[in-house]
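Analysis of the macromolecular model
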Amino acid sequence: MNRKIILLIIVLLIFSVALFTQIKTVHDDNDEFKITHEIIANDSLGSVEVIRNIGNPNSPKIAYVVGVHPLENDTHNTFLKILPNLTNLNYSYDIYVINVTLDFSQYGQLLPDDEPGRQTGQELALKYVYPAILNGSYELVVDVHAHGGAYGDHNTFVFSPVEGSLGESYAVAVSNDTENVSYYNPQFTTSGPYLTVPLNENGVPAFYYEENSFFSQDIKDVHMLELIYAVDSLKFN
Ligand SMILES: [Zn+2]
């Protein structure tokens, strides 16, 4: 065979191998980084689902938790509607969704919030969400709540129940970086001991986001976006 033809065949072979490798790499990347849904717990009290890999998968990880207090599901739904659809986020996000099967009613229909679902959500948080987050290599955890106007002038705020914690520093930074989210520590929480307190005390910074449940959906959307982008702009050491 002519030497030129042999050379051409060799070049073509190398080129096809290179092309195949490239296609395979791109394909693997997509598989690894696509958003996934996983049920990590399911018992008679309810279930916990984790939505993973939102945002930039090569960046530090942040966890959001929704559903600790099932009555407050208006902000949970607001959050779930917005975050997974945002592009160009700096960090990688996992969302822990607690679904309680017991009664929890709705704001406007039942106040105070004393249905058994409230305690159940807290117990699911401690039993399943807390250990998963503790072992999940997260830089920060944000626990999303709503309230029925119980805090006077304080409607939309963040805080860490553990004073002097790194979670408190991040919450203060978020409040400084937002127009409508302030820092306010009400000094009392029912759910703190079930999630944000033990997280802060065991090396995982965590803070609450609280929103007034009676604000219009448009306002809730604006405030939620402020929270999300301020968290996405935090600097981790
Ligand atoms: Zn709450």
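Description of the structure in this document. Small disclaimer: the values here were computed from a predicted structure and weren't measured. (Residues numbered from 1 in each chain as written. Predicted model: local features only at pLDDT ≥ 70, side-chain atom pairs only at ≥ 80, totals over all residues. Heavy atoms only, no water.)

**Examining the coordination of the zinc ion**
Ligation of the zinc ion by protein atoms is provided by His 69 (ND1), Glu 72 (OE), Glu 72 (OE) and His 145 (ND1), these donors lying 2.1 to 2.4 Å from the ion. Relative to the metal, the four donor atoms surrounding the zinc ion lie at angles of 55 to 142°, and the coordination shape comes out irregular. Along the chain, the residues that donate to the zinc ion are spaced as H-x2-E-x72-H. Of the two residues, Glu 72 sits in the loop between β3 (61-66) and α2 (73-82) while His 145 sits in strand β5 (residues 138-147), which places them 73 residues apart along the sequence. Of the two residues, Glu 72 and His 145, both sit in the buried class. (Donors = N, O, S within 2.8 Å, 3.2 Å for Na, K, Ca; no water. Tetrahedral: all angles 85-135°; square planar, octahedral: opposite > 155°, others 65-115°. Helix = DSSP H or I, 4+ residues; strand = E, 2+ residues; numbered from the N terminus. Buried < 20%, exposed > 50% of the residue type's maximum accessible area, 1.4 Å probe, protein only.)

**With respect to the environment of Glu 163**
With respect to the helices and strands, the residue Glu 163 is situated in the loop between β6 (157-159) and α4 (166-176). Residue Glu 163 is classed as exposed on the basis of its relative accessible area, which comes to 53%. Along the sequence, Glu 163 and Gln 187 sit 24 residues apart, while their C-alpha atoms lie 9.7 Å from each other. Sequence-distant contacts of Glu 163, that is, excluding residues within four places in its chain, are made with Glu 168, Asn 185 and Gln 187. (Contact = heavy atoms within 4.5 Å.)

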